[in-house]
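These are the residues of each chain, in order.
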Amino acid sequence: MLLVTLSACNFFKKTEESTPVARVNDTYLYKEDIEKLLSDNLSKEDSTVLVNNYINRWATQQLLVEGAKRNLSEQQVQAFEDLTVKYKNDLFSNAYLEALVDKNIDTTVTLSEAQSYYEDNKSVFNLNEDLIKFRYIHIDENAINLEAIKEKFKRFNTSDKKHLDSISIQFKSYSLKDSVWIKLDQVVDKVPVITIENKPQLLKKSNFIQLKDSLGLYLMHVNDVLTRNSTAPLEYVKPTIDQIVINKRKLELIKELEKDITKDATKNKNFEIYN
């Protein structure tokens, strides 16, 4: 294996002309090829190790490629060359199309569009997990105003919610957003007092639960429940639908762009098919 020892400090001074740093037969590696490897936070020793390792990997690869070209059949070599050209062309064309799509795509999906897609494809939106709408408060069980907090937590009208928000600094943790569907497993992970034994209580709709452990008291209320294999609600799957709709638009836009590019090239006599 090729071993090269370099002084990273002096080695990377910029010059006007390309400076070779290594050679394998007729193929050269230049200083400009490896300057980008280094950063200001690397020490001189680390820089030297990094550069030397890169040069040796480069040399090994070049030797393997040359060995392959000598030992593979002409047909195999040509097939790999064709793949290389195709890969490069795909990279360029895909990057160009993505830039055009990003510039022209409409990424807004209205509720009516999402609703329409949802209704047409409802059968594919079956839940593979339990969902609940849930609120909770974790508080010290010796809190002075505990009974008043319990009453407001259970009743939970607009005034109650505003008041609980205003005193939330007293709570060890809490979540009062009970109009949003969340995974039951997320609740289990977040609230340590929930165990395998009491977890089924969370699948009872309109259920108030009060549990305590060494960390304090937990007030919980289940607003709504959707069990596994139920149809997922639109508001829960809308982000997924939005992405599906946008991806469909992208595919349609790409087809249109490809047609327009070819059409313009033909019109400007940049593309011709000879009989």
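This one's a predicted model, so the numbers in the text were calculated from it and none came from an experiment.

> Break down the packing of aromatic side chains for me, with residues and values.
Going through the model one piece at a time under the given rule, you end up with 6 aromatic pairs. Between the aromatic rings of Tyr-118 and Phe-125, the centroid separation amounts to 5.9 Å while the plane-to-plane angle is 25°, which identifies the pairing as stacked. Judged by its relative accessible area of 6%, Tyr-118 is buried. Relative accessible area serves as the criterion here: at 8%, Phe-125 is assigned to the buried category. Grouped by ring-pair contacts, the aromatic residues Tyr-117, Tyr-118 and Phe-125 constitute a single cluster. The ring of Phe-153 has Arg-135 lying over it, and the distance from NZ or CZ to the ring centre is 5.0 Å. Positioned above the aromatic ring of Phe-156 is the side chain of Arg-135, whose terminal nitrogen or guanidinium carbon lies 4.0 Å from the ring centre.

> So what's going on with the layout of surface pockets? Residues and values would help.
One number sums up the size of the largest pocket: a volume of about 180 Å³. Around the largest pocket, the lining residues are Phe-134, Tyr-136, Ser-175, Lys-177, Val-180, Ile-182, Gln-186, Val-187, Lys-190 and Val-191. Contributing elements (two or more residues each) for the lining of the largest pocket: strand E3 (131-139) and helix H8 (184-190). For the lining of the largest pocket, the element with the highest residue contribution is H8, accounting for 3 residues. Taken together, the residues of the lining of the largest pocket break down into 6 nonpolar, 2 polar and 2 charged.

> Now, about helix H6 (residues 146-155): what can you tell me, with residues and values included?
Structural remark: α-helix, 3.6 residues per turn; residues separated by three or four positions point the same way. Within H6, the full set of buried residues consists of Leu-146, Ile-149, Lys-150 and Phe-153. Each buried residue of H6 lies within a common arc of 100° when the element is viewed along its axis, so the set occupies one face. Downstream of H6 by a residue or two, Phe-156 has a phi angle that is positive, lying close to 55°.

> Which residues make up a negative patch on the surface, and what are the values?
A surface patch of like charges, here negative, comprises Glu-252, Glu-256, Asp-260 and Asp-264. Considering the arrangement of structural elements, one finds Asp-264 in helix H9 (residues 234-267). Residue classification places Asp-264 among the partly exposed residues on the basis of a relative accessible area of 44%.

> Give a description of a nonpolar patch on the surface that names residues and reports values.
Together, Leu-72, Phe-80 and Leu-83 make up an exposed nonpolar region whose accessible area comes to about 280 Å². Among the secondary structure elements, Phe-80 is positioned in helix H4 (residues 74-104). Residue Phe-80 is classed as partly exposed on the basis of its relative accessible area, which comes to 47%.

> So what's going on with the environment of Val-222? Residues and values would help.
With respect to the helices and strands, Val-222 occurs in strand E7 (residues 216-226). The exposure class assigned to Val-222 is buried, which follows from its relative accessible area of 0%. Sequence-distant contacts of Val-222, defined by excluding residues within four places in its chain, comprise Ile-132, Lys-133, Phe-134, Gln-201, Leu-202, Lys-204, Lys-205, Ser-206, Asn-207 and Ile-209.

> Kindly report on the side chain of Arg-249, identifying the contributing residues and their values.
Inspection of the secondary structure assignment puts Arg-249 in helix H9. Looking at Arg-249, its side chain comes within polar contact range of the main-chain oxygen of Asp-106, at 2.5 Å. Excluding anything up to four places from it in sequence, Arg-249 contacts Ile-105, Asp-106, Thr-107, Thr-108, Val-109 and Glu-113.

> Summarise the pattern of salt bridges; cite the residues concerned and give the values.
Taken as a whole and assessed by the stated rule, the structure comprises 14 salt bridges. One salt bridge in this structure joins Glu-119 and Lys-122, with 3.6 Å as the shortest N-O distance. For Asp-160, the salt bridge is made with Arg-155, and the minimal N-O distance between the two is 2.7 Å. With relative accessibility at 2%, the residue Asp-160 sits in the buried group. The class for Arg-155 is partly exposed, based on a relative accessible area of 45%.

> Would you mind going over the pairing of E7 in detail, with residue names and values included?
Most of E7 sits inside the fold, with 9 of its 11 residues counted as buried. Relative to E7, E3 runs antiparallel, the two being bridged by 9 bridges. Across the sheet, the residue bridging to Ile-139 is Leu-217, located in E7.

What counts, and where the lines are drawn
- Residues numbered from 1 in each chain as written.
- Predicted model: local features only at pLDDT ≥ 70, side-chain atom pairs only at ≥ 80, totals over all residues.
- Heavy atoms only, no water.
- Phe/Tyr/Trp six-rings, centres within 6.5 Å; stacked < 30°, edge-to-face > 60°.
- Buried < 20%, exposed > 50% of the residue type's maximum accessible area, 1.4 Å probe, protein only.
- Lys NZ or Arg CZ within 6 Å of the ring centre and 35° of its normal.
- 1 Å grid on protein atoms, 1.4 Å probe; cavity = no way out; pocket = protein on both sides within 12 Å on 5 of 7 lines; lining within 4 Å.
- Points joined across faces, edges and corners; volume = space filled by probe spheres on them.
- Helix = DSSP H or I, 4+ residues; strand = E, 2+ residues; numbered from the N terminus.
- Nonpolar A, V, L, I, M, F, W, Y, C, P; charged D, E, K, R; others polar.
- Arc of directions from axis to C-beta.
- Patch = residues over 30% accessible without salt bridge, like charges linked within 9 Å, V, L, I, M, F, W, Y side chains within 5 Å.
- Areas by Shrake-Rupley, 256 points an atom, 1.4 Å probe, with all protein chains shown as cover.
- Salt bridge = Lys/Arg side-chain N within 4 Å of Asp/Glu carboxyl O.
- Lys, Arg positive; Asp, Glu negative; His and termini not counted.
- Charge placed at Lys NZ, Arg CZ, Asp CG, Glu CD.
- Contact = heavy atoms within 4.5 Å.
- Polar contact = N/O pair within 3.5 Å; in protein donor to acceptor, adjacent residues only side chain to side chain.
- Pairing = 2+ DSSP bridges.

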